[in-house]
Amino acid sequence: VFQKWVNREISNFDYLIQLNTMAGRTYNDLAQYPVFPWILRDYTSEELDLNNPAVFRDLSKPIGVVNEKNAKTVKDKYENFEDPLGVIDKFHYGTHYSNAAGVMHYLIRVEPFTTLHIQLQSGRFDCADRQFHSIPATWQALMDNPNDVKELIPEFFYFPEFLENQNGFNLGQLQISKEVVNDVVLPKWAHSPEDFIYKHRKALESEYVSAHLHEWIDLIFGYKQRGPAAVEALNVFYYCTYEGAVDLDALTDEKERKALEGMINNFGQTPCQL
């Protein structure tokens with residue numbers, strides 16, 4: 001697969017899907033859903049210029065520190081963390097770039113995710129301000145908040161329907177602007193959900209991304225995923241997100257095991273290292 005990708009016989013999209021599959025990720029498990037990168041950082045221009053490197057996200061950095069301003073906070077958190085019991089290793093992020101709640105967050109307008117989201121929120125929609133209501137606003141929140149580290153899901157590159165409230169769900173209204181949450185607000189350069197998907201996919205297959213995608217793959221699936229390289233890259237997540245970090249079979253206490261399983265399922269899981 002790697003050779004095929006290097007020779008450009010398969011697209012960036014296909015390569016990412018295949019890496020996800022090899023790392024045990026699947027559409028059938030919300031806790032291990034395929035993970036895709038944010039690839040752009042320009043959500044405000046009238047036109048999207050894919051020949052300009054400045055419109056792309058820096059793929060060599062974890063999403064939590066793409067904004068340079070967050071790097072110090074993230075570093076300090078790691079350096080000052082001490083678990084008195086010695087169970088929990090130091091980490092940069094107490095949340096994860098891919099988890100079940102995040103998948104439901106993005107796909108809230110389409111079933112079965114709508115129903116799953118409502119179940120997660122004890123029988124109702126989460127408050128409007130926490131909904132996925134705008135692509136530019138979601139990116140801005142990531143830039144402002146080092147604790148929000150959600151990457152994307154593959155649907156952002158092929159499935160325009162998830163950006164439309166075709167079922168007419170009542171998702172509430174934003175507190176400050178009183179704006180009703182309906183279809184997802186798109187970047188200025190996208191004239192429709194179809195146009196967004198078309199341009200976003202084009203961006204994924206662009207020259208810039210083809211030349212830099214391996215840097216992101218190193219962080220998610222490769223050598224910067226754990227160990228000293230991960231520490232240096234500011235890419236260490238909470239200990240129970242890693243494969244093999246917790247030996248569930250060794251836990252004899254049924255309650256304790258259930259609690260940990262729940263935690264792992266909700267927290268997100270780092271893919272198997274390839």
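Refer to the structure above for everything that follows.
Predicted model, so just to flag it, every value in this text is computed and none were measured.

Okay, the pattern of salt bridges next. With the rule as written, the count across this model stands at 11 salt bridges. Across the pair R57 and E151 runs a salt bridge, and its minimum N-O distance is 3.0 Å. Of this pair, R57 sits in the loop between α2 (12-22) and α3 (71-80) while E151 sits in the loop between α6 (135-144) and α7 (193-204), and the two are 94 residues apart along the sequence. Judged by its relative accessible area of 0%, R57 falls in the buried class. For E151, a relative accessible area of 3% gives the class buried. Measuring nitrogen to oxygen at the nearest pair gives 2.8 Å for the salt bridge that ties K199 to D195. Here D195 and K199 lie together in helix α7, a separation of 4 residues that amounts to about one turn. One network of salt bridges, in which partners are shared, links D58, K61 and E68.

Our focus in this paragraph is the nonpolar core. Within the largest apolar cluster, 72 residues are counted, with the highest numbers of intra-cluster contacts made by W38, L40, I135, F156, L163 and F196. Sorting the residues of this core by element identifies α2, α3, α4 (100-106), α6, α7 and α8 (207-220) as the ones contributing at least two each. The leading source of residues in this core is α8, at 6 residues. Residues within four places of I135 in sequence aside, it is in contact with W38, Y43, F156, L163, V184, V185, L186, P187 and F196. Core analysis: the next-biggest nonpolar cluster, separate from the first, contains 6 residues, F125, A128, L174 and V181 among them.

Quick look at unusual backbone geometry now. Here the residue pair E111 and P112 is connected by a cis peptide bond, since its omega of 5° sits within 30 degrees of zero. Within the secondary structure layout, P112 lies in the loop between α4 and α5 (113-120). Unusually for a residue other than glycine, R8 sits at a positive phi of about 60°. Tracing the sequence through the fold places R8 in the loop between α1 (2-6) and α2. You will see that K178, though not glycine, has its phi angle at about 60°, which is positive.

Rules and cut-offs
- Residues numbered from 1 in each chain as written.
- Predicted model: local features only at pLDDT ≥ 70, side-chain atom pairs only at ≥ 80, totals over all residues.
- Heavy atoms only, no water.
- Salt bridge = Lys/Arg side-chain N within 4 Å of Asp/Glu carboxyl O.
- Helix = DSSP H or I, 4+ residues; strand = E, 2+ residues; numbered from the N terminus.
- Buried < 20%, exposed > 50% of the residue type's maximum accessible area, 1.4 Å probe, protein only.
- Core = buried A, V, L, I, M, F, W, Y, C linked by side-chain atoms within 4.5 Å.
- Contact = heavy atoms within 4.5 Å.

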